[in-house]
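Understanding the architecture of this molecule
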Amino acid sequence: MDRLRIEGGLPLHGEIIVSGAKNAALTLLPAGLMSDDGLVLENVPRLADTLSMEGLLRHHGLAVERDGDVVTMSGTANLLDAPYDLVRKMRASILVLGPLLARYGEARVSLPGGCAIGTRPVDLHIRVMQALGAIVELADGYIQARAPQGLTGGRVVFPMVSVGATENALMAAALAKGQTEIVNAAREPEISNLAECLNAMGAKITGHGTDTIIIEGVTNLKTARHAVIADRIEAGTYAIAAGITNGRLTLKRANARHLDALINVLRETGMDVVEGDDGLTFSAAERVSAADIITDPFPGFPTDLQAQFMAMMSVADGSSRISETIFENRFMHVPELVRMGADIKVDGGTALVRGRKNLTPAPVMATDLRASVSLVLAALATEGTSEVSRIYHLDRGYSDLEKKLGQCGARIERLSDGGDNEDE
Ligand code: UD1
């Protein structure tokens, strides 16, 4: 298993090009199943998760070719089964459900099973398909969905905001007969990125980016060439890297409109944020001050940046209250940060972080993607040598992490022990 050795305590200075968004790519790739004549996606990051989704699409029968960050999909699906072995590796595999069902009238997708950051059910995905007229059964650990006459538009009212279920709803409704209204839809930028791609393919979707989306179903979709947006979570992570190390980083391609909630909080901590022509510059001239956050669906503070922000609060001046409202059990980075000397007390969904001037280096490991990167950030801020293990989690969501940080002055090295990386 690979690990990272980090000699911390150095301020980071320089420029980082933000990659394409993992979460946008993970919903745009399955849209390739819906086209009659292929789909070309640009700016698709090369990550364990996107490669895994490409593998799943190949399994279904698509030809998927990658040339750098451009992925070309063509052909039609001849296998409508997404098996456990592929789905268990990545929960986003559930995003093939809507496309397969809408285009082929049938899908069989394994239930994702347990997940390190909470139970994460898929009931909303199932309810969407039922609202559009599908017959759904759960048997042998699989979601079996059928719509032999095709899906029919309907009104989908979400009891809670779900990014993935909104994406599945958009894709399913794009090829349903008649109109669909999605109420309490997710407003994340990834949703608009998907809606714009589907519209370029011939779909008729309006209202994306708001909480009510209207879809007029069409009979078929054609090819398009579409670019994945920049990864706001990767950008936010490096913005926090600038703050936690008292450095200055320019993040090329970062989009301020996707990062409002973070930018507001970082300014509260005393950081300086400057918008340029093609990106944002984040800097912290001195030790950051404490600030409180509550995670919320977009445009609120993203849960995917909570762990990173907590790492920064561990060394901030003052006390910070961090409330997690999206996922239960998303504080698994806390015991590891505490091993590095952080003062954090968790009470239910809230963590109270009392900032310390310095943390102490330690060997740490984490159990999910964002938790792992929060430990990398903590190690970057800590004088001495820390080791972060189980970094295959990082490879799911950060492309060229060591290279990007290394060229900004971080002393970070990947060590390999060999062995199998897969355990989730
Ligand atoms: C997506 C992101 C993930 C991010 C999350 C919240 C991708 C690939 N992943 O995950 O990085 O952390 O949004 O911003 O885009 N829920 C249900 N039933 C369902 C579906 C969800 O109860 O059928 C609950 C979840 O347990 C969670 C909440 O809804 O408490 C939000 O989850 P959701 O927005 O669906 O997250 P994902 O789409 O899985």
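On a predicted model such as this, the values are computed, not experimentally measured, just so you know. (Residues numbered from 1 in each chain as written. Predicted model: local features only at pLDDT ≥ 70, side-chain atom pairs only at ≥ 80, totals over all residues. Heavy atoms only, no water.)

What follows covers the sheet that holds strand 3 (residues 39–42). With mixed pairing, the four strands of this open sheet are ordered in space as 4-5-3-14. Every other strand in the sheet has two partners, leaving strand 4 (63–67) and strand 14 (225–227) as the edge strands with one partner each. Across the sheet, the mean angle from the axis of one strand to that of its neighbour is 20°, orientation sign disregarded. Bridge count for strand 3 against strand 5 (residues 70–74) is three bridges, and the pairing is antiparallel. Across the sheet, residue L39 finds its bridge partner in strand 5, namely M73. (Pairing = 2+ DSSP bridges. Helix = DSSP H or I, 4+ residues; strand = E, 2+ residues; numbered from the N terminus. Axes fitted to C-alpha atoms, helices over the stretch in contact; angles between N-to-C directions.)

Bringing the pairing of strand 8 (residues 135–139) into the picture now. Where strand 8 and strand 9 (residues 142–146) come together, five bridges link them in antiparallel fashion. When the bridges of strand 9 are listed, V136 appears paired with A145. What sits between strand 8 and strand 9 in their antiparallel hairpin is a turn of two residues, with D140 showing a positive phi close to 55°.

So, on to the packing of helix 1 (residues 22–31) against helix 2 (residues 48–60). Following both chains from N to C, one finds helix 1 and helix 2 inclined at 5°, their axes separated by 10 Å at the closest point. On the basis of their axis angle, the class for helix 1 and helix 2 is roughly parallel. Contact residues: helix 1 offers K22, A25, L26, L29 and P30, while helix 2 offers D49, T50, M53, E54 and L57. Of the residues contributing to the contact of helix 1 with helix 2, the split by class is six nonpolar, one polar and three charged. (Parallel < 35°, antiparallel > 145°, perpendicular 65-115°, else oblique. Contact = heavy atoms within 4.5 Å. Nonpolar A, V, L, I, M, F, W, Y, C, P; charged D, E, K, R; others polar.)

Let us look at unusual backbone geometry. For the bond from F298 to P299, the omega torsion is 10°, close enough to zero to count as cis. As for its placement among the helices and strands, P299 is situated in the loop between strand 18 (293–294) and helix 10 (306–313). Despite not being glycine, N184 shows a phi value in the positive range, around 65°. The class of N184 is partly exposed, set by a relative accessible area of 24%. Even without a glycine there, the phi angle at N246 is positive, about 55°. Note that N246 resides in the loop between helix 8 (232–244) and strand 15 (248–252). (Buried < 20%, exposed > 50% of the residue type's maximum accessible area, 1.4 Å probe, protein only.)

The next subject is the domain arrangement of the protein chain. Under the domain assignment, the protein chain is made up of domain 1 (2–19 + 231–416) and domain 2 (22–227). Taking only C-alpha atoms, the centre of domain 1 and the centre of domain 2 are 30 Å apart. Together, the buried faces of domain 1 and domain 2 total about 1700 Å²; carbon and sulfur atoms form 54% of this surface. Summed over the shared surface of domain 1 and domain 2, the result is two salt bridges. Counting across the domain 1 and domain 2 interface gives five residue pairs in polar contact (both at pLDDT 80 or more). When grouped by side-chain class, the residues that make up the side of domain 1 that touches domain 2 number seven nonpolar, six polar and ten charged. (Domains from an automatic or database assignment. Buried area = accessible area lost by both parts, 1.4 Å probe. Salt bridge = Lys/Arg side-chain N within 4 Å of Asp/Glu carboxyl O. Polar contact = N/O pair within 3.5 Å; in protein donor to acceptor, adjacent residues only side chain to side chain.)

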